[in-house]
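Topology and contacts: notes
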2 protein chains.
Amino acid sequence: MLEKYINAAKRAEKADLVLKNATFVDVFTGKIRKGDIAVAGEKIVGTGEYEGKEEVDCTGLTVLPSYIDGHVHIESSQLSPEEFASLIVPRGTTTIIADPHEITNVCGLAGCEYISKASQNVPLDVKLQLPSCVPATPFETSGAILNGKDIEKNIVKDYLFGLGEFMNYPGVVSADPDTVKKLEAAHAAGKIIDGHAPAVYGHDLNAYLCGGISTDHECVTGEEIEEKISKGVYVHIRHGSSTQNLGNAKFITKENMRRFILCTDDRHAADLKEKGHLDDALRRLVADGLDPVTAVTCATLNCAECYGLKWRGAIAPFYLADLVVVDNLKNFNAKYVFKNGKLVAKDGKPLFDTSKKYLPKSVLNTVRVKDLTAADFVLTLKGTKAKAMTILPGGVVTGCEIVEVESKNGDAVVEGTDLLKMAVVERHKLTGNIGKGLFKGYGFKGGAMGITIAHDSHNIILLGDDNESMAKAANHLKKIGGGMVIVDKNSGEVHSLTLDIGGLMSSRDAEGLQRDSRALIERAHAMGVKREFEAFMSLAFTSLAVIPKLKLLDTGLFDVEKFAFTDINA
Amino acid sequence: MLEKYINAAKRAEKADLVLKNATFVDVFTGKIRKGDIAVAGEKIVGTGEYEGKEEVDCTGLTVLPSYIDGHVHIESSQLSPEEFASLIVPRGTTTIIADPHEITNVCGLAGCEYISKASQNVPLDVKLQLPSCVPATPFETSGAILNGKDIEKNIVKDYLFGLGEFMNYPGVVSADPDTVKKLEAAHAAGKIIDGHAPAVYGHDLNAYLCGGISTDHECVTGEEIEEKISKGVYVHIRHGSSTQNLGNAKFITKENMRRFILCTDDRHAADLKEKGHLDDALRRLVADGLDPVTAVTCATLNCAECYGLKWRGAIAPFYLADLVVVDNLKNFNAKYVFKNGKLVAKDGKPLFDTSKKYLPKSVLNTVRVKDLTAADFVLTLKGTKAKAMTILPGGVVTGCEIVEVESKNGDAVVEGTDLLKMAVVERHKLTGNIGKGLFKGYGFKGGAMGITIAHDSHNIILLGDDNESMAKAANHLKKIGGGMVIVDKNSGEVHSLTLDIGGLMSSRDAEGLQRDSRALIERAHAMGVKREFEAFMSLAFTSLAVIPKLKLLDTGLFDVEKFAFTDINA
């Protein structure tokens, strides 16, 4: 191929494609330049004056290297990789560092393989991180376990690019042997390790970084950013749906700029569709006063350097012809997107096939439970005082409130109160585990609702005021292979949204899924869920035993602050 | 090892070494910081407050990441790798990107292997580039040929870090098949390719860079630097003995800074000993007004990033404990140098063994010629007008002058004129080739002088006014295995300096070699060589057929501007 590139570069042959009369961003010098951009095969071969077999007039438009998302969980979009690509590629992102943490917790390595293979059919380079913390905690039942030996065996595989965000920072800092084994395996394989160390400072941070960890997307304060960058960490500026730290950009200086990169981490399909992906981050960063070329550099070259993606993230000879043509450096509206030199999106629309060519059995029908009955949801308390979970503003942190509860026939009575019964039903290994608790202040009435997205082990989370409805909800989720469900006790109706891939993502098209998702959410609100909550997704964090305070696992009620199980009886 | 690092980082165990009360340069933020620097094993494990099993008080001193030389030919020092290390490591350089272009032209891959293995006995990381242009031109006889197939077969070897400076830029730009094969082989092996493209611009530069070439150390103008950096090239700031472009630093901006790196390329032992290595470059750059932290960053982190040397070039947890402690950021006098966490030099003196533990036969006795006699140096001209080589100021570019020459018995007469006979005797393959010419204005009288350093094929270059002495000089060089020689016709004495390694480098200690080298140079001047010339090293470029104008090869007189052989008869 080199011969072809060289001949096109020196104009001995016509380039395959020329972006004529372009204004383009030079991330190496921070300048904006003008000229034609010539492409041969999948590479940029030169800038200057060129003629092409195909030419795209870019007069009045600005060409950028297309964006690289430094850290993302595709699963958070509830979309397949193909549909996810159909939303982000037209926005200008053509490379992502993806950590399939959720689906791997459900399906094990089959989850990684699925994301890898499915994404090969779309014009998006998915650099796949092997999730490092499966399960996230040892207290619950997940669909898979990847211990040090498993990591060692698998991280060497070519399709795995690195080791995913190392959330278990206590494990690193305490030099836990299995944790060390994971880290050493990644180093031995020459693969990058992503970090996740919120508010870790000083000697603990030194220890964490001695695990050979390269990045952090959890920084939020200037002090934290300054310390982490000075200690060699690449800091992500995150534009997720709920987790946002675009404000990090105000700590960029000309001296430390190369250590900032952009990511989205968790971003819902609705946001991707309506607001955008990294294009939206760039828009906001520039609106907030960041120099546009700096913003673009963080979204391109910096990320390429961080992840060792050579010949990517810039407009220069021999660089990958991954380009986005935008209206201007204020709005970042993508008119054309090129991946490997081919036009793959125009005016915000994908020009590629998103049919699901690869959808293996290993990621389908992942809701494995015995048939449940009303009796499974009987909640027997010792007295009338019990701990109830509440959701605090923001929707991820939960509280613990001591409530008064009556019982009848050995079963807590929640009807006519502000309480709901809560259950986490293990759905991976037929253990029969059902963790039970109480939930206060959600507003839902008259049946049950449930979801198979339950960070990070993704068991079934149920809420309800009727045992029969709760059983029906769980059984329905099993039947549809996972998703979200509402059971109306009065009408007997069951309404649901199917997330057939691991119970996390849908194999449907993005648009149809969105429409039905909105309808189900509206139904939940109609049945009383307060508008201040995200009807289903707020529930998905009630089982996440690394975020305070009271959480419910399939194995029981858990006090995160004490990092131990706790009795429901107060 | 991770466990050890982590435990030392969090102070669960004492660090092996602590640099106490250090002021240190943070290349990530461009700031100067204070604190202790803790080291465990070969890694920095943290900055902050630490206690160590061993502590070095750095009060009043400044700690820097030790330097990385981005491009150097060790052979230019005429020293073995061990002795070379003994001069540069105490100056603060602990990593070099070395291109053994000279010894490989003499000894082939055995030359590469020698440099690699010999340098393993000293505390200097030698990242070895496989020379890309052996021979430098197809017109002469070198000791080895590495064609595309040879590169393909060898570049995959672990001990080879990359492909050395691609001097054959016409070959790249014309997409010559064997050249393309070399480049593609390096890419396939995932190895970096260094560049060398003086004054190549525009579409030609695009074509050259489409070879996948990453660096250039030949830039000298602001325009050239701006274009090359904007096209993705890392630009070296060079501090060689004769080739200098420290002035490149004035084109550094905060936006393009990360693309500048330091190198020395060719630096003589005397300069290394008396002036220094990259420390001297830093001293001069700062004296010329460059911000000291920027200068240090170019010598450390930037070079590490360019060459993909992760965890090197900064003072941060998990980075290699390669450190230099200097008096200040003005003088850069190195008080201590640490390599992999061990003190390896103090107050400018090496603390390591430089004995030659590895000196294979394959790099010794490389002067292979038949015994020569006076008859071999008879120079028969057709008439009285002939072309004579002159050396132009600077010592590398040569001129061509038409001179009047008498002949006697079919042999040119140079005695009593300002002319000398010149000969290039092939010394690798017993071809018997002797290129003959005339040399004007050197000043030498009364015998012959010779050298086996003759860029880039390193045949024997001889000058003399007496055929007998010239034969004696060549035969003596054969006897000693290469080096430099002076034959005094009157006294019959032969004086020489042995360069036993490939005829290029000495296996002796740096100091003794320097002393004897100075003495021999003085003797040359005493025999008439004008002081404006470097008595021997100026000769070494008279056979380099890529630099104008008239050169003498073993195969004959060569006109570089016409890129063709030329007749001596004018």
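Residues numbered from 1 in each chain as written. Chains lettered and ligands numbered in written order. Predicted model: local features only at pLDDT ≥ 70, side-chain atom pairs only at ≥ 80, totals over all residues. Heavy atoms only, no water.

1. Quick look at the overall build of chain A
- Across its full length, chain A holds 15 helices and 30 strands.
- Taking 2.2 N^0.38 as the reference for a compact globule, 570 residues should give roughly 25 Å; the C-alpha atoms of chain A span a radius of gyration of 25 Å, in line with that estimate.
- The C-alpha extent of chain A, read off along each of the three principal axes, is 90 × 55 × 45 Å.
- In chain A, the proportion of contacts linking residues at least 24 apart, taken out of those at least 6 apart, comes to 68%.
- Accessible area of chain A: about 19,100 Å², with a carbon and sulfur share of 50%.
- Taking the 67 positively charged and 75 negatively charged side chains of chain A as two groups, their mean positions are separated by 2 Å. (Helix = DSSP H or I, 4+ residues; strand = E, 2+ residues; numbered from the N terminus. Rg over C-alpha atoms; globule rule 2.2 N^0.38 Å. Contact = heavy atoms within 4.5 Å. Areas by Shrake-Rupley, 256 points an atom, 1.4 Å probe, with all protein chains shown as cover. Lys, Arg positive; Asp, Glu negative; His and termini not counted. Charge placed at Lys NZ, Arg CZ, Asp CG, Glu CD.)

2. Focus: the interface of chain A and chain B
- Taken residue by residue, the interface counts 62 residues in chain A and 62 residues in chain B.
- At the boundary of chain A with chain B, total buried surface from both sides reaches about 4,800 Å², with 56% on carbon and sulfur atoms.
- Counting every contact that joins chain A to chain B gives 10 salt bridges.
- Put simply, Arg33 of chain A and Glu226 of chain B hold a salt bridge, and the shortest N to O gap is 2.7 Å.
- Connecting chain A to chain B are 26 residue pairs in polar contact (both at pLDDT 80 or more).
- The set of elements that each furnish at least two residues to the side of chain A that touches chain B consists of helix H1 (2–9), strand E2 (31–40), strand E3 (43–48), helix H6 (169–173), helix H7 (177–188), helix H8 (202–209), helix H9 (222–230) and helix H13 (301–306) of chain A.
- With 6 residues, the top contributor of residues to the side of chain A that touches chain B is H1 of chain A.
- Residues that form the side of chain A that touches chain B fall into these classes: 29 nonpolar, 17 polar and 16 charged. (Buried area = accessible area lost by both parts, 1.4 Å probe. Salt bridge = Lys/Arg side-chain N within 4 Å of Asp/Glu carboxyl O. Polar contact = N/O pair within 3.5 Å; in protein donor to acceptor, adjacent residues only side chain to side chain. Nonpolar A, V, L, I, M, F, W, Y, C, P; charged D, E, K, R; others polar.)

3. Side note on the confidence of the model for chain A
- Taken over all residues, the pLDDT of chain A has a mean of 97, while the share at 70 or more is 100%.
- If you check the scores for this complex, the pTM reads 0.96 and the ipTM reads 0.95. (pLDDT = per-residue confidence, 0-100.)

4. Comments concerning helix H15 (residues 510–526) of chain A
Residue and element names in this part refer to chain A.
- Taking 1.5 Å of rise per residue, the 17 residues of H15 would be expected to cover 24 Å, and the 24 Å separating its terminal C-alpha atoms lies within 8% of that figure.
- By the burial criterion, the buried members of H15 are Ala510, Gly512, Leu513, Gln514, Ser517, Leu520, Ala524 and His525.
- Close packing links the buried residues of H15 with helix H2 (81–88), helix H10 (269–274), strand E24 (447–451), strand E26 (483–488) and strand E27 (494–498). (Expected span 1.5 Å × (residues − 1). Buried < 20%, exposed > 50% of the residue type's maximum accessible area, 1.4 Å probe, protein only.)

5. What about the environment of Thr417 of chain A?
Residue and element names in this part refer to chain A.
- When you line up the elements, Thr417 lands in the loop between strand E21 (411–413) and strand E22 (419–425).
- When its relative accessible area of 29% is taken as the criterion, Thr417 is described as partly exposed.
- Between the alpha carbons of Thr417 and Ala374 there is a distance of 20 Å; along the sequence they are 43 residues apart.
- At 2.9 Å, the side chain of Thr417 and the backbone nitrogen of Leu419 are in polar contact.

6. Observations regarding the environment of Gly528 of chain B
Residue and element names in this part refer to chain B.
- Within the secondary structure, Gly528 sits in the loop between helix H15 (510–526) and strand E28 (550–553).
- When its relative accessible area of 27% is taken as the criterion, Gly528 is described as partly exposed.
- In sequence terms Gly528 and Phe444 are 84 residues apart; their C-alpha atoms lie 4.2 Å from each other.
- Non-local contacts of Gly528, meaning those with residues more than four positions away in its chain, are made with Tyr442, Gly443 and Phe444.

7. So, unusual backbone geometry
- The omega angle of the peptide bond from Val134 of chain A to Pro135 of chain A is 0°, so this bond is cis rather than trans.
- When you line up the elements, Pro135 of chain A lands in the loop between strand E8 (125–130) and helix H5 (148–154).
- Backbone torsion omega between His455 of chain B and Asp456 of chain B reads -10°, so that peptide bond is classified as cis.
- Looking at the secondary structure, you find Asp456 of chain B in the loop between strand E24 (447–451) and strand E25 (460–464).
- Unusually for a residue other than glycine, Trp311 of chain B sits at a positive phi of about 60°.

8. Brief notes about the relation of the copies chain A and chain B
- At an RMSD of 0.1 Å, chain A and chain B line up after a rotation of 180° and a shift of 0.0 Å along the axis. When the rotation and shift are considered jointly, the pair of chain copies conforms to a two-fold rotation axis. Judged by C-alpha distance, Lys254 of chain A is the residue of chain A that lies nearest the rotation axis, at 3.1 Å.
- The residues that chain A uses at the interface reappear at the interface of chain B in 100% of cases, marking a shared surface. (Least-squares fit on C-alpha atoms with pLDDT ≥ 70 in both.)

9. Some points on the packing of aromatic side chains
- Counting across every chain of the model gives 28 aromatic pairs over all chains.
- Where Trp311 of chain A meets Phe318 of chain A, the ring centres are 4.8 Å apart and the plane angle is 90°; that geometry is what we call edge-to-face.
- For Phe318 of chain A, a relative accessible area of 4% corresponds to the buried category.
- Ring geometry for Tyr442 of chain B versus Phe533 of chain B: centroids 5.0 Å apart, planes at 25°, classification stacked. On the criterion of sequence distance, the pair formed by Tyr442 of chain B in the loop between strand E23 (434–440) and E24 and Phe533 of chain B in the loop between H15 and E28 is long-range, its members being 91 residues apart.
- Accessibility expressed as a relative area gives 10% for Phe533 of chain B, which makes it buried.
- Following the ring pairs from residue to residue traces out a cluster consisting of Tyr5, Phe28, Trp311, Phe318 and Tyr319 of chain A. (Phe/Tyr/Trp six-rings, centres within 6.5 Å; stacked < 30°, edge-to-face > 60°.)

10. Focus on the state of the cysteines
- The full count for this structure, using the stated rule, is 0 disulfides over all chains.
- Cys210 of chain A takes part in no disulfide bond, and the closest cysteine sulfur, belonging to Cys219 of chain A, lies 17 Å away.
- With no disulfide of its own, Cys133 of chain B lies 13 Å from the sulfur of Cys112 of chain B, the closest cysteine sulfur. (Disulfide = S-S within 2.5 Å.)

11. Focus on the sheet that holds E26 of chain A
All names here are of chain A.
- In space, the 8 strands of this open sheet follow the order E19-E18-E23-E22-E25-E24-E26-E27, with mixed pairing throughout. Single-partner strands in this sheet number two, and they are strand E19 (398–404) and E27. Taken pair by pair, the neighbouring strands of this sheet meet at an average axis angle of 25°, ignoring direction.
- Sheet topology note: the E22/strand E25 (residues 460–464) ladder contains 5 bridges and is antiparallel. Bridging across to E25, Val425 finds its partner in Ile460. (Pairing = 2+ DSSP bridges. Axes fitted to C-alpha atoms, helices over the stretch in contact; angles between N-to-C directions.)

12. Comments concerning the side chain of His458 of chain A
All names here are of chain A.
- Among the secondary structure elements, His458 is positioned in the loop between E24 and E25.
- Among the polar contacts listed, one links the side chain of His458 to the side chain of Glu102, at a separation of 2.7 Å.
- Residues contacting His458, with those up to four places away along its chain left out, are Glu102, Asn105, Val106, Arg427, His428, Thr452, Ile453 and Leu504.

13. Looking at the sheet that holds strand E9 (residues 160–166) of chain A
Residues and elements named next belong to chain A.
- Reading across the sheet, the 5 strands line up as E6-E7-E8-E9-E10 and stay open at both edges, with parallel pairing between neighbours. Each edge of the open sheet carries a strand with a single partner, namely strand E6 (67–72) and strand E10 (192–195). Between one strand axis and the next, the sheet turns through 30° on average, direction left out of account.
- The pairing of strand E7 (residues 93–98) with E8 spans 4 bridges and is classified as parallel. Pairing of Ile97 across the sheet is with Lys127, part of E8.
- The strands that helix H4 (residues 109–119) touches are E8 and E9; relative to E8, the one it contacts most, it runs at about 170°.
- Sheet strands in contact with H7 are E9 and E10, and its direction is about 150° off that of E9.

14. Regarding the pairing of E25 of chain A
- With 5 of 5 residues buried, E25 of chain A is to be regarded as a mostly interior element.
- In E25 of chain A, alternate side chains face the same way, and those of Ile460, Leu462 and Gly464 of chain A on one face and Ile461 and Leu463 of chain A on the other are all buried.

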